[in-house]
Amino acid sequence: MGTFSIWHWLIVLVIVMLVFGTKKLRNIGTDLGGAVKGFKEGMKDASAENNPADATPPPQVNGGQTVEGEVKEKTKS
């Protein structure tokens with residue numbers, strides 16, 4: 001008796017559709033889907049920033065001094 005049957009949920013769905021209309025519900029669903037997709041991409045980007053695949057190793061120390069420099073890319077002429 002404490003749970004709702006399928007008929008209760010169908011009646012609630014019909015009332016919601018009558019109040020909001022199908023076009024507004026479709027727009028809400030599209031917006032919600034876009035938000036979930038954006039959230040997933042954000043989580044993927046955040047995890048990629050925390051664990052970069054092409055991370056450069058820390059600079060090597062030679063004789064107690066840090067060696068720093070720039071890498072220049074070769075281009076074909």
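Residues numbered from 1 in each chain as written. Predicted model: local features only at pLDDT ≥ 70, side-chain atom pairs only at ≥ 80, totals over all residues. Heavy atoms only, no water.

Of regular secondary structure, the protein possesses 2 helices and 2 strands. In sequence order, the protein lays out its α and β elements as α-α-β-β. Sorting the 77 residues of the protein into buried and exposed places 0% on the buried side. Looking at the protein as shown, the accessible area adds up to about 8000 Å², and 61% of this sits on carbon and sulfur atoms. (Helix = DSSP H or I, 4+ residues; strand = E, 2+ residues; numbered from the N terminus. Buried < 20%, exposed > 50% of the residue type's maximum accessible area, 1.4 Å probe, protein only. Areas by Shrake-Rupley, 256 points an atom, 1.4 Å probe, with all protein chains shown as cover.)

As a further point, take the packing of aromatic side chains. Counted by the stated rule, this structure contains 1 aromatic pair. Ring centres of Phe 4 and Trp 9 lie 5.5 Å apart, and the angle between their planes is 70 degrees; this geometry places the pair in the edge-to-face category. For Phe 4, a relative accessible area of 57% gives the class exposed. (Phe/Tyr/Trp six-rings, centres within 6.5 Å; stacked < 30°, edge-to-face > 60°.)

What follows concerns the UniProt feature "transmembrane region" (unreviewed entry) in the protein. Mapped onto the present numbering, the UniProt feature "transmembrane region" (unreviewed entry) falls at residues 6-22. Between the C-alpha atoms that bound residues 6-22 the distance is 21 Å, and the span itself is 94% helix and 0% strand. (UniProt positions renumbered as here; feature names shortened; annotations may be inferred.)

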